[in-house]
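Here is how the chains run, residue by residue.
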Amino acid sequence: MKTPYDVILEPVLSEKAYGGYAEGKYTFWVHPEASKTEVKNAVQQAFKVKVLDVNVLSVRGKKKRLGRYEGKRADRKKAVVTVAPGQKIEALEGLI
């Protein structure tokens, strides 16, 4: 991984993800091969905050059909990042 923007792909835009903002928990889609340490360093560099904890989980792609054709969405990796008390990621707070 070269830059923080290679590790962090995009924020997760869902009601559950927005609910974590009040507790200082931010959710991102990350590169499938990224480790917890790489995610922590990327968030600290990109958003200038102190990261206390990182939880990662792999999300399996859903099977989808269009008529008689069946396919599968890509597998992805999600990271829930907890920042230090009193700190916020201002770029994401405006999305609510």
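Residues numbered from 1 in each chain as written. Predicted model: local features only at pLDDT ≥ 70, side-chain atom pairs only at ≥ 80, totals over all residues. Heavy atoms only, no water.

Caption draft 1: Geometry of the nonpolar core. Within the largest apolar cluster, 18 residues are counted, with the highest numbers of intra-cluster contacts made by Tyr26, Phe28, Val39, Val43, Val81 and Ile89. Where this core is concerned, the elements lending two or more residues are β2 (25-30), α3 (36-47), β3 (51-59) and β6 (76-83). In contact with valine 81, other than residues within four places in its own chain, are Gly24, Lys25, Tyr26, Phe28, Val39, Val43, Val51, Asp53 and Val54. (Core = buried A, V, L, I, M, F, W, Y, C linked by side-chain atoms within 4.5 Å. Buried < 20%, exposed > 50% of the residue type's maximum accessible area, 1.4 Å probe, protein only. Helix = DSSP H or I, 4+ residues; strand = E, 2+ residues; numbered from the N terminus. Contact = heavy atoms within 4.5 Å.)

Caption draft 2: Geometry of the sheet that holds β6. Read from one edge to the other, the open sheet built from four strands follows the order β1-β2-β6-β3, with strand pairing classed as antiparallel. With one partner strand each, in any of the chains shown, β1 (8-11) and β3 form the two edges of the open sheet. Each neighbouring strand pair of the sheet contributes to a mean axis angle of 30 degrees, computed without reference to strand direction. In this structure, β2 lies alongside β6, joined through six bridges in antiparallel fashion. The residue bridging lysine 25 from the neighbouring strand is threonine 82, located in β6. Contacts from α3 reach β1, β2, β3 and β6 within the one sheet, and its direction differs from that of β3 by about 125 degrees. (Pairing = 2+ DSSP bridges. Axes fitted to C-alpha atoms, helices over the stretch in contact; angles between N-to-C directions.)

Caption draft 3: Structural context of the packing of aromatic side chains. Evaluation of the coordinates by the stated rule reveals three aromatic pairs. Summarising the aromatic geometry, the rings of tyrosine 18 and tyrosine 21 are spaced 5.7 Å apart at their centres and angled 70 degrees between planes, so their arrangement reads as edge-to-face. Residue classification places tyrosine 21 among the buried positions, given a relative accessible area of 6%. Judged by centre distance (5.8 Å) and plane angle (20 degrees), the ring pair of phenylalanine 28 and phenylalanine 47 falls under stacked. With phenylalanine 28 in strand β2 and phenylalanine 47 in helix α3, this pair connects stretches of sequence that are 19 residues apart. Of the aromatic side chains, those joined through ring pairs into one cluster are Tyr18, Tyr21 and Tyr26. Of note, arginine 76 hangs over the ring of tryptophan 29, and the distance from its end group to the ring centre comes to 3.7 Å. (Phe/Tyr/Trp six-rings, centres within 6.5 Å; stacked < 30°, edge-to-face > 60°. Lys NZ or Arg CZ within 6 Å of the ring centre and 35° of its normal.)

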